[in-house]
Amino acid sequence: MATTMTSLPATSSYSVGFGIPSVITPQTRFHRRRIVIAKAEPSDKSVEIMRKFSEQYARKSDTFFCVDKGVTSVVIKGLADHRDSLGAPLCPCRHYDDKAAEASQGFWNCPCVPMRERKECHCMLFLTPDNDFAGNEQAISLEEIKELTANM
Amino acid sequence: MAISVTAPFTCRSWTFDPATPLPSSSSSSSKLSNFSSLQSHSHLHRLTLNNRPFTAFPSKPRTLHLVQAKKQTFSSLDELLEKAEKPVLVDFYATWCGPCQFMAPILNEVSITMADTIQVVKIDTEKYPEIANKYSIEALPTFILFKDGKPFDRFEGALTANQLVQRIEDTLKAKK
């Protein structure tokens, strides 16, 4: 996605918020306006945690990653990003009115209720074998994730 | 990426950015202003933009310098929809949404092959939550096909280029 991260909110893919300087801390963000600003890149620690979680959960649920591992990589990073900013891996493939409230409520925290109950993952992270986009892998390395999201 | 309009025959994106950098802008977060250019079909070259999002550009010059281009400024998505001569396919996405990124090259392709039929616009729901709220966007990606400025068809999730083209064509044909 963005090739550089600038300090101007308007030109960066990753900083949001109009007139809010990009150095605002998470606490300030929550108090001042109820927008959660996505940071440019999730922390390596969170990415690793969500990567491991994804592998384990795929095995446990007999689901598979997408044939296009780029999708898997982006979602893992999205989960990691929410874990960093909200404390919980809120589903990155949804639009929310209030992310913080959703994260505490939990319905959309990965693995979300639709996934747990019906193996429905619209993020295309966990795909049942009959899904057109399902590959045959349940593993993904950190290198793969980095490589496939390098242009973002 | 903010709101970008993918042009025909190019892999170009236009971005609508909030008016904050401009001194005379209002503080309304829904105000968008940018210059976007429509290129005539006979000129396929001289692209100063590729598929990269606007973040690669310096903040001030949002004008696209293209040969025989028509510049248009939109102050909001509503205005864009109002002034559109063709149906507009709007893609509501988020940066870290896997299926949304999967759709990016597909949308490019479709905007080129269906250049005469539709115009493609992408909206970053994290940058423009008020627009996303207005259209009750939940799952991402959500596609809304606007005709005559009004939502005409709406669907969610990733699809292949063929499926997308089929859906758009069927919709425009059926409800004419």
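This one's a predicted model, so the numbers in the text were calculated from it and none came from an experiment.

Peer 1: Mind laying out the overall build of chain A, listing which residues take part and the relevant values?
Peer 2: When helices and strands are tallied, chain A shows six helices and zero strands. Taken from N to C terminus, the helices and strands of chain A fall in the order α-α-α-α-α-α. Relative to its full complement of 152 residues, chain A shows a buried share of 54%. Restricting the contact set of chain A to residue pairs at least 6 apart, pairs at least 24 apart contribute 62%. Carbon and sulfur atoms make up 51% of the accessible area of chain A, which amounts to about 7,200 Å² in all.

Peer 1: Mind laying out the packing of aromatic side chains, listing which residues take part and the relevant values?
Peer 2: We describe a pair of aromatic rings using the distance from one ring centre to the other and the angle between the two ring planes. If you walk through the whole model with that rule in mind, you get eight aromatic pairs over all chains. An angle of 80° between the planes, with centres 5.3 Å apart, marks the rings of Tyr 135 of chain B and Phe 146 of chain B as edge-to-face. Here the residue Tyr 135 of chain B occupies a position in the loop between helix 3 (129-134) and strand 8 (142-147), and Phe 146 of chain B occupies one in strand 8, the gap between them amounting to eleven residues. Overall, Tyr 135 of chain B belongs to the buried group, its relative accessible area being 11%. Joined through ring pairs, the aromatic side chains of Phe 53, Tyr 57 and Phe 126 of chain A make up one cluster. For Lys 122 of chain B, the ring lying beneath its charged end belongs to Tyr 93 of chain B, and the centroid distance is 5.6 Å.

Peer 1: If you had to explain empty space enclosed by the protein to someone new, which residues and values would you point to?
Peer 2: Residues and elements named next belong to chain A. Scanning the model with the defined rule gives four cavities of 30 Å³ or more in all. Considering only enclosed or pocket space, the largest cavity measures out at about 100 Å³ in volume. The wall of the largest cavity is formed by 15 residues, among which Cys 91, Cys 110, Cys 112, Cys 121 and Cys 123 lie closest to the centre. Per-class residue counts for the lining of the largest cavity are twelve nonpolar, two polar and one charged.

Peer 1: I'd like to hear about the state of the cysteines, residue by residue, with values.
Peer 2: A covalent bond bridging the sulfur atoms of two cysteines is what the word disulfide describes. One pass over the structure, following the stated rule, counts two disulfides over all chains. Bridging Cys 93 of chain A to Cys 123 of chain A, the disulfide has an S-S length of 2.5 Å. One disulfide, between Cys 93 of chain A and Cys 123 of chain A, carries an S-S torsion of 130° and so falls in the right-handed class. Residue Cys 93 of chain A is located in the loop between helix 3 (69-86) and helix 4 (99-105), and its partner Cys 123 of chain A is located in the loop between helix 5 (113-118) and helix 6 (142-148); the two are separated by 30 residues in the primary sequence. Cys 123 of chain A sits in the buried class, given a relative accessible area of 4%. The disulfide partner of Cys 97 of chain B is Cys 100 of chain B, and the gap between their sulfur atoms is 2.4 Å. In this structure, the disulfide formed by Cys 97 of chain B and Cys 100 of chain B twists by about 75° around the S-S bond and is classed as right-handed. For Cys 97 of chain B, a relative accessible area of 0% corresponds to the buried category. The exposure class assigned to Cys 100 of chain B is buried, which follows from its relative accessible area of 3%.

Peer 1: Break down the pairing of strand 9 (residues 150-156) of chain B for me, citing the residues and quoting the values.
Peer 2: When strand 8 of chain B meets strand 9 of chain B, the two strands line up antiparallel, connected through six bridges. Looking at strand 9 of chain B, one finds that Ile 144 of chain B is bridged to Arg 154 of chain B.

Peer 1: Please set out unusual backbone geometry residue by residue, giving values where relevant.
Peer 2: Cis peptide bonds are those with omega within 30 degrees of zero, and the linkage from Cys 110 of chain A to Pro 111 of chain A qualifies with 0°. Its place among the elements puts Pro 111 of chain A in the loop between helix 4 and helix 5. Here the bond from Leu 140 of chain B into Pro 141 of chain B is cis, since omega is -5°, no more than 30 degrees from zero. Here Pro 141 of chain B is to be found in the loop between helix 3 and strand 8. Positive phi values are uncommon outside glycine, yet Met 124 of chain A reaches one of about 65°. You can see Met 124 of chain A is positioned in the loop between helix 5 and helix 6. In this structure Met 124 of chain A comes out as buried when scored by relative accessible area, which is 7%. One non-glycine residue, Asp 148 of chain B, lies in positive phi territory at about 55°. Counting through the fold element by element, Asp 148 of chain B comes out in the loop between strand 8 and strand 9. Overall, the relative accessible area of 70% leaves Asp 148 of chain B in the exposed class.

Peer 1: Break down the side chain of Ser 54 of chain A for me, with residues and values.
Peer 2: Among the secondary structure elements, Ser 54 of chain A is positioned in helix 2 (residues 44-61). Setting aside chain neighbours within four positions, we find Ser 54 of chain A in contact with Phe 65, Ile 76, Leu 125 and Phe 126 of chain A.

Peer 1: Provide a residue-level description of the side chain of Thr 171 of chain B, including the pertinent values.
Peer 2: Residue and element names in this part refer to chain B. Here Thr 171 is to be found in helix 4 (residues 161-174). Within the structure, Thr 171 has its side chain in polar contact with the backbone oxygen of Arg 167 (distance 2.6 Å). In this structure Thr 171 touches Leu 145, Phe 152 and Asp 153, once residues within four positions along its chain are discounted.

Peer 1: Can you lay out the nonpolar core for me, pointing to particular residues and giving the numbers?
Peer 2: By size, the foremost hydrophobic cluster in this structure holds 72 residues, and its most contacted members are Phe 126 of chain A together with Leu 164 of chain B. Once you skip the residues sitting within four places of it in the chain, Phe 126 of chain A turns out to touch Phe 53, Ser 54, Tyr 57, Ala 58, Thr 63, Phe 64, Phe 65, Cys 110, Met 115 and Cys 121 of chain A.

About the cut-offs
Residues numbered from 1 in each chain as written. Chains lettered and ligands numbered in written order. Predicted model: local features only at pLDDT ≥ 70, side-chain atom pairs only at ≥ 80, totals over all residues. Heavy atoms only, no water. Helix = DSSP H or I, 4+ residues; strand = E, 2+ residues; numbered from the N terminus. Buried < 20%, exposed > 50% of the residue type's maximum accessible area, 1.4 Å probe, protein only. Contact = heavy atoms within 4.5 Å. Areas by Shrake-Rupley, 256 points an atom, 1.4 Å probe, with all protein chains shown as cover. Phe/Tyr/Trp six-rings, centres within 6.5 Å; stacked < 30°, edge-to-face > 60°. Lys NZ or Arg CZ within 6 Å of the ring centre and 35° of its normal. 1 Å grid on protein atoms, 1.4 Å probe; cavity = no way out; pocket = protein on both sides within 12 Å on 5 of 7 lines; lining within 4 Å. Points joined across faces, edges and corners; volume = space filled by probe spheres on them. Nonpolar A, V, L, I, M, F, W, Y, C, P; charged D, E, K, R; others polar. Disulfide = S-S within 2.5 Å. Pairing = 2+ DSSP bridges. Polar contact = N/O pair within 3.5 Å; in protein donor to acceptor, adjacent residues only side chain to side chain. Core = buried A, V, L, I, M, F, W, Y, C linked by side-chain atoms within 4.5 Å.

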